[in-house]
Amino acid sequence: MNLSHTLRFATHRAEAEAAALRSTAPAVEHLFLGLLKLAEITSDDFAPGSRHREQNDADIARLKTLLDTAGIPTKPVRDL
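Position numbers for residues count from 1 along each chain, tracking the sequence in the order it is written. Side-chain atom pairs in this predicted model are given and counted only at pLDDT of 80 or more, local residue features only at pLDDT of at least 70, and totals for whole chains, interfaces and linings cover all residues. Side-chain metrics in this entry use all non-hydrogen atoms of the structure; hydrogen atoms and water are not considered.

Quick notes on the confidence of the model for the protein chain
Counted only if it meets this: The predictor attaches a confidence to each residue, called pLDDT, with possible values from 0 through 100. The secondary structure listing takes helices from DSSP runs of H or I that are at least 4 residues long and strands from runs of E that are at least 2 residues long, numbered from the N terminus.
Averaged over all residues, the pLDDT of the protein chain is 93; the fraction at 70 or higher stands at 99%. Of all helices and strands in the protein chain, the one with the weakest mean pLDDT is helix α5 (residues 74–78) (92), whereas helix α4 (residues 53–69) scores best (96).

Quick look at the structure:
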């Protein structure tokens, strides 16, 4: 499967969230937490100097817009 760099970050973050919560495998809630975290960073935070910086930051901006439109504040929701 060919995933974008931003989706790979969210997927890896979901795996880490699942492991931290001692889940057997990442589930939807873990992926949601990964997407929330992604919305709080920039391309340089997970892929410094990447040639895909512009696309990564555009993906992150779209995600932030979707979350803002839905009224979902990333940090407070991640802290629940």
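Now, onward.
As for α4
The criterion, for reference: Given a helix with a known number of residues, its expected span is that number minus one, times 1.5 Å. To sort residues, take the accessible area from a 1.4 Å probe on protein chains only and compare it with the maximum for the residue type: under 20% means buried, over 50% means exposed, and anything in between is partly exposed. Arc definition: it is the arc formed by the directions from the helix axis to the C-beta atoms.
Taking 1.5 Å per residue as the helical rise, α4 with its 17 residues ought to reach 24 Å, and the 24 Å between its terminal C-alpha atoms agrees with that figure. Residues of α4 that are buried include every one of N56, D59, I60, L63 and L67, and no others. Down the axis of α4, the sector holding all buried residues measures 95°, keeping them to one side. For α4, the exposed residues set more than 90 degrees away from the buried face come down to E54, D68 and T69. Looking one or two residues beyond α4, the residue adopting positive phi is G71, at roughly 70°.

Side note on the environment of R13
Going by this rule: What makes two residues a contact is simply this: any of their non-hydrogen atoms within 4.5 Å.
In this structure, R13 sits in helix α1 (residues 5–20). R13 sits in the partly exposed class, given a relative accessible area of 26%. Each C-alpha atom, one on R13 and one on I72, is 19 Å from the other, the two residues being 59 residues apart in sequence. When neighbours within four sequence positions are excluded, R13 is seen to be in contact with G34, K37 and R78.

Some remarks on the pattern of salt bridges
Basically, it comes down to this: One speaks of a salt bridge when a side-chain nitrogen belonging to Lys or Arg is within 4 Å of a carboxyl oxygen belonging to Asp or Glu.
This structure, assessed with the given rule, holds six salt bridges. One salt bridge connects E40 with K37, and the closest N-O pair in it is separated by 4.0 Å. Among the salt bridges present, the one from R62 reaches D59, with a minimum N-O distance of 2.4 Å. Here R62 pairs with D59, and both are found in helix α4, just three residues apart, close to one helical turn. In this structure D59 comes out as buried when scored by relative accessible area, which is 15%. One salt-bridge network, held together by shared partners, links K37, E40 and R78.

Comments concerning α1
Relative to the 22 Å expected for 16 residues at 1.5 Å per residue, α1 spans 22 Å between its end C-alpha atoms, a close match to the ideal helical length. Residues of α1 that are buried include every one of T6, F9, A10, A14, E17 and A18, and no others. If you follow the buried residues of α1, they end up packed against α2 (28–38), α3 (43–46) and α4. The first or second residue beyond α1 is R22, which carries a positive phi of 55°.

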